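# Observations on the model geometry
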Amino acid sequence: MTADSHSAASAPRSSRRAGLLARFWRWEASGILVALIVLIAVLSIATDNFLSTYNISVVARQAAFVGLVALGQTLVLLVGGIDLSVGAAAGLSAIVGSLLLTMFGVHPYLVIPLTMAFGLMLGLLNGVFVAGLRLNPFIVTLATWEIFAGMTLVITKGYPIRPLGDTFAVFGKGDIFGVPVPVVIFIAAGVILIWMLTQTRFGRNIFAVGGNRDAAVLAGIHVRYVELIAFGMAGMFAALAGILFASRMDAGQPSVGEGWLMGAITAAILGGTSLRGGQGSIVGTMLGALLLAVLANGTVLLNVSGFWQRVIVGGVVLIAVLVDLFRRRN
């Protein structure tokens, strides 16, 4: 083979590699994936037990709880809204689910779907005000955040509801072939949403509404219905995360969901979901939730003060917003 023929053969290969690399960087979640890999590598070198089986299980569970809330938040962000009440909805739903189990004697296997249905109603309540009455989603969900959190304290008087029983504990503490049950549920939920957004008309309508609401109306899309369902699903996923966490702790804690709002929004934005709607990735959100869990776990292993952890998370949020701004401009 001559030098010219060898160069001709290698040129298409290099061109294909360049094309694949270009497509990878155009993917909304490319940056978060690279950052996650780098962070894992650094923590693996800096700490002795980061890659231990137990620690990986802890990180995965934490990512699953916040990640489920982030999945619902992603749907709301995609339609151009925001839901500030998801953390409080998770807490109130966990309390309601715990009461169904302990006070009303509902079978443990029925508590999960019933709690999700309750969370769906909480989300639909937000959707009625936002989609039906065209009120500002920031103001509406800020108000319902206070309502849900207040109702949690009214019901519990600030005391946890326990015990929830060993049968119910399997949802939060159990595993399937070595994989924690909350992680399995988180992955399954992500796969379902990926299919919904890419393979169904409703999923395409979500992107259309967030991308250009007026154009979606002209195209015959029932915009208010799409927004209503998006908020409803956000409440449902928050409730699922809340009741799984209650199962993990063997108690319906009034504090369930505190801090999840910031994590959910950050995970979605880091994963490529735009605050202006119409652009986002479920895979990116899942990677964003995993990155936040790894970051939080790494600060603990490195003995970083809890006060600095809040500073770091706030900085990550600010960086995520700036990245979203630059992506939009480009």
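Coordinates for the structure precede this section.
Throughout this description, residue numbers start from 1 for each chain and increase along the sequence as written. In keeping with the predicted nature of the model, local features appear solely for residues at pLDDT of at least 70, side-chain atom pairs appear and are counted solely at 80 or more, and the whole-chain, interface and lining totals rest on all residues. Where side-chain values are given, they derive from all heavy atoms of the structure, hydrogens and water being excluded.

So, about the overall build of the protein. Counting its secondary structure elements, the protein contains 14 helices and two strands. The reference for a compact globule is 2.2 Å times residues^0.38; the radius of gyration itself is calculated from the C-alpha atoms. In terms of overall size, the protein behaves like a compact globule, its C-alpha atoms giving a radius of gyration of 21 Å where 330 residues would be expected to give roughly 20 Å. On the principal axes, the C-alpha backbone points of the protein span a range of 80 × 60 × 35 Å. The buried share of the protein, taken over its 330 residues, is 47%. Any pair of residues with heavy atoms lying within 4.5 Å of one another is described as a contacting pair. A separation threshold of at least 6 residues defines the contact pool for the protein, and within that pool the share at least 24 residues apart is 78%. The charged-residue count follows a simple rule in which Lys and Arg add positive charge and Asp and Glu add negative charge, with His and chain termini not counted at all. Charge positions come from single atoms, namely NZ of Lys, CZ of Arg, CG of Asp or CD of Glu. Separation between the mean location of the 20 positive side-chain charges and that of the 12 negative ones in the protein comes to 8 Å. Comment: elements are numbered from the N terminus, with helices defined as DSSP H or I runs of at least four residues and strands as E runs of at least two. The buried label applies to any residue whose accessible area, calculated with a 1.4 Å probe on protein chains only, is under 20% of its type's maximum; exposed applies above 50%, and partly exposed to all values in between.

Take the layout of surface pockets next. The method works on a 1 Å grid over the protein atoms by themselves. A cavity is a set of points holding a 1.4 Å probe that cannot get out, a pocket is an open set with protein on both sides within 12 Å along at least five of seven lines, and residues with an atom within 4 Å of a point line them. Grid points are joined across faces, edges and corners, and a volume is the space filled by probe spheres set on the points. Considering only enclosed or pocket space, the largest pocket measures out at about 740 Å³ in volume. Residue lining of the largest pocket: 25 residues in total, with Gln 62, Gly 259, Ala 296, Gln 309 and Val 313 positioned closest to the centre. Of all the elements, helix 13 (residues 282-301) adds the most residues to the lining of the largest pocket, at eight residues. The class makeup of the residues in the lining of the largest pocket is 14 nonpolar, nine polar and two charged. Each residue is assigned to one of three groups, with Ala, Val, Leu, Ile, Met, Phe, Trp, Tyr, Cys and Pro labelled nonpolar, Asp, Glu, Lys and Arg labelled charged, and all others, Gly among them, labelled polar.

All of the buried residues along helix 9 (residues 201-211) are Phe 202, Gly 203, Asn 205, Ile 206, Val 209 and Gly 210. Along the axis of helix 9, the buried residues cluster in a sector spanning 155 degrees; they form a single face. Away from its buried face, by an angle of more than 90 degrees, helix 9 presents the exposed residues Arg 201 and Gly 211. The directions from the helix axis to the C-beta atoms form the arc being described.

Attention now goes to the nonpolar core. Here, nonpolar core means buried Ala, Val, Leu, Ile, Met, Phe, Trp, Tyr and Cys residues that are tied together by side-chain atoms lying within 4.5 Å of each other. Membership of the largest hydrophobic core comes to 86 residues, with the highest contact counts inside it found for Leu 68, Leu 75 and Ile 206. Here Leu 68 is in contact with Ile 185, Phe 186, Ala 189, Phe 237, Leu 240, Ala 241 and Leu 244, once residues within four sequence places are set aside.

Quick look at the pattern of salt bridges now. Every case where a carboxyl oxygen of Asp or Glu lies within 4 Å of a side-chain nitrogen of Lys or Arg is listed as a salt bridge. On inspection of all chains with the given rule, the structure shows two salt bridges. The closest approach of N and O atoms between Glu 227 and Arg 134, which form a salt bridge, is 2.9 Å. Taken together, the positions of Glu 227 in helix 11 (residues 223-249) and Arg 134 in the loop between helix 5 (108-132) and helix 6 (137-156) put the pair 93 residues apart, joining distant regions of the chain. As a salt-bridge pair, Arg 213 and Glu 227 come within 3.2 Å of each other at their nearest N and O atoms. Here Arg 213, found in helix 10 (residues 213-218), pairs with Glu 227, found in helix 11; they are 14 residues apart in sequence, far enough to count as distant. Among the residues examined, Arg 213 registers a relative accessible area of 26% and is labelled partly exposed. The network of salt bridges with shared partners includes Arg 134, Arg 213 and Glu 227.

For the rest of this paragraph, the subject is the packing of helix 5 against helix 7 (residues 166-173). Each axis is a line fitted through C-alpha atoms, and for a helix only the stretch in contact is used; angles between axes span 0 to 180 degrees, taken between their N-to-C directions. Axis separation between helix 5 and helix 7 bottoms out at 8 Å; the angle between their running directions is 50 degrees. With respect to each other, helix 5 and helix 7 are oriented oblique. Between helix 5 and helix 7, the residues in contact are Pro 108, Tyr 109, Val 111 and Ile 112 and Thr 167, Phe 168 and Phe 171, respectively. For the contact of helix 5 with helix 7, the class distribution of residues is six nonpolar, one polar and no charged. These descriptions rest on fixed angle ranges, namely under 35 degrees for roughly parallel, over 145 for roughly antiparallel, 65 to 115 for roughly perpendicular, and the rest for oblique.

Further remarks concern the packing of helix 12 (residues 260-270) against helix 13. Relative to each other, helix 12 and helix 13 sit at 125 degrees, their axes nearing to 7 Å. The pairing of helix 12 with helix 13 is recorded here as oblique in orientation. Two packed elements cross with a definite hand, and for helix 12 against helix 13 that hand is right-handed. Counted together, Gly 263, Thr 266, Ala 267, Ala 268 and Leu 270 of helix 12 and Gly 284, Thr 285, Gly 288, Ala 289, Leu 291 and Leu 292 of helix 13 form the full contact between these two elements. A breakdown of the residues in the contact of helix 12 with helix 13 according to their chemical character gives six nonpolar, five polar and no charged. In this scheme, a crossing is called left-handed if the near helix is turned counterclockwise away from the far one by less than a right angle; it is called right-handed if the turn is clockwise.

A word on the packing of aromatic side chains. Two rings from Phe, Tyr or Trp (for Trp, the six-membered ring) form a pair when their centres sit within 6.5 Å of each other. Planes less than 30 degrees apart are called stacked, planes more than 60 degrees apart edge-to-face, and all others tilted. For the structure on display, the rule yields six aromatic pairs. Aromatic side chains Phe 202 and Tyr 225 sit 6.2 Å apart centroid to centroid with 75 degrees between the ring planes, which places their arrangement in the edge-to-face category. One end of the pair, Phe 202, is in helix 9; the other, Tyr 225, is in helix 11, and 23 residues separate them in sequence. Take Phe 202: its relative accessible area is 17%, and that puts it in the buried class. Residue Tyr 225 is classed as partly exposed on the basis of its relative accessible area of 45%.

Like charges within 9 Å and nonpolar side chains (Val, Leu, Ile, Met, Phe, Trp, Tyr) within 5 Å are joined into patches, using only residues over 30% in relative accessible area that form no salt bridge. Only the protein chains shown count as cover for residues, and the accessible areas themselves come from Shrake-Rupley with a 1.4 Å probe. A cluster of nonpolar side chains, contributed by Leu 125, Phe 129, Leu 133 and Leu 135, occupies part of the molecular surface with about 340 Å² of accessible area. Its location among the elements puts Leu 135 in the loop between helix 5 and helix 6.

So, about the environment of Ala 289. Tracing the chain through its elements places Ala 289 in helix 13. When the C-alpha atoms of Ala 289 and Ser 57 are compared, they prove to be 14 Å apart, with 232 residues separating the residues in sequence. Setting aside residues up to four positions removed in sequence, Ala 289 forms contacts with Ala 63, Gly 67 and Ala 267.

Purely spatial values, then, with no claim about function.
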